[in-house]
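Okay, here's what each chain looks like letter by letter:
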Amino acid sequence: MALNLFGHNEIDPPAAITAATLRSDRFRLQREVDWQRLEQIVDALERNRPGRIADDDLMELPVLYRKAASSLAVARETSLDAATLAYLESLVRRAWFQVYGPRTGLFAWLRHFLLGGWSASVRDIWLDICSALFVMVAGTAVGWILVANDREWFFSLVPGAMSGGRQPGASREELAETLQGTEGAEGLAAFAAYLFSNNTGVCIMAFALGFCFGIPTLLLLVYNMALLGAMLWLFSDAGLGIDFAGWLSVHGTTELFAILLSGAAGMHIGRSMAFPGSKSVLSAAAAAGRRSAQVMAGCTVMLVVAGILEGYARQLVPTTEGRFAIGAVMLFFWITYFAFVPRPRDHDGEARR
Amino acid sequence: MSSSVVARLNAGQQKRQRELVTPEGLALPLTIASRGSRAGALLLDLLIVFFGTIAILIVLGLMGFGLLDSDIQEEMSAPLEFLVVIVILLIFLARYGYFLFFELGPKGATPGKRMLGIRVAARDGGRLTAEAVIARNLMRDVEVFIPTFFLLSGGQAEGVMGAAAFIWLAVFVLFPVFNKDHLRAGDLVAGTWVVEAQKVKLEEALSTAPDRSEEYRFGDAELEVYGEHELQVLEGVLRQDNPEAMREVMFAICRKIGWQPGSGHEREFLEAFYAALRAHLERNMRFGVRKADKYS
């Protein structure tokens, strides 16, 4: 073999074809060069170095792939050379993965995603969003009503570590204290990062639990919102309802929206599996899963924003009016984005629905 | 390895064979990855993630200790805060990003999967989309991480609720055991499956060895005794080129066909027998007669 100076391997011609006594080996030796050429291309593609492939080779990739596939079909009927068959099967499979592999890179996918893919999938699951919203509102109401009737419920709903002094019997001053901003920005980045990673975990769980026909997702939503309802009652009981709503709305409009979307995405999968329509359960679940995955990727983006708002904006903006303004702007922004960014045109002709 | 074990292995292999029809109508053979290799790959990946994270944390920790000494507690200094942010994001990425990043690459497999020669593929024969990879990896959370944390925290011991949660999580963990394609819940939701994708090197053609059909003449009756399975075993022996094994095989064949084995020419004899047997079986194959092994 020649020195590999140009990153392009020379392929040795096979041993004299006539030297082979068996017909099936002659068949193999005649086609071997093409197979190895295909293998080199596939190797380069697998290493993510398409630059190494000569233009001629790339042009011939589909032809080489089909040649190898038809060689495999013939070899299976005529040859008993196990090594060659194993090689061909592996080669055709690897080539198939490259020929039909994901053709969009991460950045192309992101662009497609942000410029319409995301909003389109959100619109696609509107029915589930409506039901998730209903469940969340109901959950909040349940939390409020339970605690309003019997204060003991507060302690069962809110874990002790989370209340941080916010509990029935606390004075108005103590409660107002928890809504204060802080002076400087120290420590807020870490807080924001923590909030992001924690909330994303909750969202992913809401999504992943949708698998069992959506019921666990419903429970998770109801529980989390009941907690919110209990808090809401606590503050409004102390006459701080408006302040608490402002404090919450800074990040809450974004964060609760993200939780709403992830819950809806989970329920979408559950609903598609329970009522697959004309498709099989498996393909309905797969289609719903892919649609929901886009929504979920978007939830991560929203939670980054929510984490930053919660970590910084809430702590640095002390006035209730200012907090409401930020929350309202964010809510308006998200709704406009989801409602009006059109579905992108597909360059690769792939059906996204 | 006894023949019954081989038979059972082959049966397992057969069960995992699938045919995938590509968009242009080619039937492509695929082998579903065995549960063992999938569990192994997952274990390898978890080890990589775990020790990788620990290693980075140790490095960061060493840097952090220096910072901690400089100012005493309470107010976080800016560099320390930056470190804390990095640690939080690192743990987040280790949990959610690692699998996503590698499965989106051209090999469609995490390092653990690569080591065991398996990869992710779309079940419908279309292309593996980014959405599918995202969906299957988000599900991983309830299938792998939450049960792990649950067991580590001893949640199953906490009364009826703990037991219920344990059963509920077991449904996810055991999901791949109860379907023939070894799908886990994430695969089901994403429309993917995990298949074998070994890289196989092309071996030398065996019949290019000097033609010895004049020295060793095998009659049809002598070639009738073996089938395709024995041919493949013989092929393996020839490719391994182990004198000891070749000797034994030659003796076995000679006993079977009633020849008197000589010594010193094991390879020549086996090559000649292999070529003759393959020619015989392939000729029959062209007439539509196949013989799987010596019993058929």
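Rules and cut-offs
- Residues numbered from 1 in each chain as written.
- Chains lettered and ligands numbered in written order.
- Predicted model: local features only at pLDDT ≥ 70, side-chain atom pairs only at ≥ 80, totals over all residues.
- Contact = placed C-beta atoms within 7 Å.
- Helix = DSSP H or I, 4+ residues; strand = E, 2+ residues; numbered from the N terminus.
- Nonpolar A, V, L, I, M, F, W, Y, C, P; charged D, E, K, R; others polar.
- Axes fitted to C-alpha atoms, helices over the stretch in contact; angles between N-to-C directions.
- Parallel < 35°, antiparallel > 145°, perpendicular 65-115°, else oblique.
- Left-handed = near helix turned anticlockwise from the far one by under 90°.
- pLDDT = per-residue confidence, 0-100.
- Domains from an automatic or database assignment.
- Expected span 1.5 Å × (residues − 1).
- Buried ≥ 20, exposed ≤ 12 C-beta atoms within 10 Å, placed from the backbone.
- Arc of directions from axis to C-beta.

Tell me about the interface of chain B and chain A, residues and numbers included.
Often, the extent of an interface is quoted as the loss of accessible area on bringing the components together. Each side of the interface is counted separately: chain B has 61 residues, and chain A has 61 residues. Counting residues per element, the ones that place at least two in the side of chain B that touches chain A are strand 2 (27–31), helix 3 (78–103), helix 5 (130–152), helix 7 (185–190), helix 9 (228–240) and helix 11 (266–286) of chain B. With nine residues, the top contributor of residues to the side of chain B that touches chain A is helix 5 of chain B. Within the side of chain B that touches chain A, the residues separate by chemical class into 34 nonpolar, ten polar and 17 charged.

Before we move on, can you summarise the packing of helix 11 (residues 241–274) of chain A against helix 13 (residues 320–340) of chain A with the specific residues and values?
Residue and element names in this part refer to chain A. Relative to each other, helix 11 and helix 13 sit at 25°, their axes nearing to 8 Å. With respect to each other, helix 11 and helix 13 are oriented roughly parallel. Two packed elements cross with a definite hand, and for helix 11 against helix 13 that hand is left-handed. Counted together, Ile-242, Asp-243, Gly-246, Trp-247, Ser-249, Val-250, Gly-252, Thr-253, Thr-254 and Phe-257 of helix 11 and Thr-320, Arg-323, Phe-324, Ile-326, Gly-327, Met-330, Leu-331 and Trp-334 of helix 13 form the full contact between these two elements. In the contact of helix 11 with helix 13, the residues fall into nine nonpolar, seven polar and two charged.

Help me get a handle on the confidence of the model for chain B, residues and values and all.
When pLDDT drops low, the exact placement of atoms in the prediction is not to be read closely. Residues and elements named next belong to chain B. Confidence along chain B averages 80 in pLDDT terms, with 85% of residues attaining 70 or more. In the model of chain B, helix 1 (residues 3–15) stands out as the element of lowest mean pLDDT, 64, in contrast to helix 4 (residues 111–115), which has the highest, 91. Predicted complex, confidence summary: ipTM 0.76, pTM 0.77.

Quick rundown of the domain arrangement of chain A? Include the residues and the values.
Each assigned domain of chain A is listed here: domain 1 (17–99) and domain 2 (106–340). Computed from C-alpha atoms alone, the centre-to-centre distance between domain 1 of chain A and domain 2 of chain A is 53 Å.

Any details on the packing of helix 5 (residues 126–149) of chain A against helix 10 (residues 215–237) of chain A? Residues and values, ideally.
All names here are of chain A. Remark: helix 5 packs on helix 10, axes separated minimally by 6 Å, with the N-to-C direction vectors making an angle of 45°. In terms of orientation, helix 5 lies oblique with respect to helix 10. Handedness of the crossing formed by helix 5 with helix 10: right-handed. Note on element contacts: helix 10 touches helix 5 through Leu-218, Leu-221, Val-222, Met-225, Ala-226, Leu-227, Leu-228, Gly-229, Ala-230, Leu-232 and Trp-233, opposite Ala-132, Val-135, Met-136, Gly-139, Thr-140, Ala-141, Val-142, Gly-143, Trp-144, Val-147 and Ala-148. Within the contact of helix 5 with helix 10, the residues separate by chemical class into 18 nonpolar, four polar and no charged.

So, helix 9 of chain B: which residues are in play, and what are the values?
Since the α-helix advances by 3.6 residues per turn, residues separated by three or four positions end up pointing in the same direction. For helix 9 of chain B, spanning 13 residues, the distance from its first C-alpha to its last is 18 Å, which sits close to the expected 18 Å at 1.5 Å a residue. Taken together, the buried positions of helix 9 of chain B are Glu-228, Glu-230, Leu-231, Leu-234 and Glu-235 of chain B. Viewed end-on, helix 9 of chain B has its buried residues packed into an arc of 155°, placing them on one side of the element. Buried residues along helix 9 of chain B sit in contact with helix 3 (82–99) of chain A together with helix 10 (243–257) and helix 11 of chain B. Where helix 9 of chain B ends, the next residue or the one after it, Asp-241 of chain B, has phi of about 60°, a positive value.

Let's hear about the confidence of the model for chain A: which residues, and what values?
Residues and elements named next belong to chain A. Chain-level statistics for chain A give a pLDDT mean of 80 and a share of 86% at 70 or above. Mean pLDDT values for the elements of chain A range from 59 in helix 7 (residues 160–163) up to 91 in helix 5. Note on residues 1–7: pLDDT under 50 across the span, and five contacts to partners over four residues away in sequence or across chains. Within the model, pLDDT remains below 50 along residues 348–353, and this stretch shows two contacts once partners closer than five positions in the same chain are excluded.

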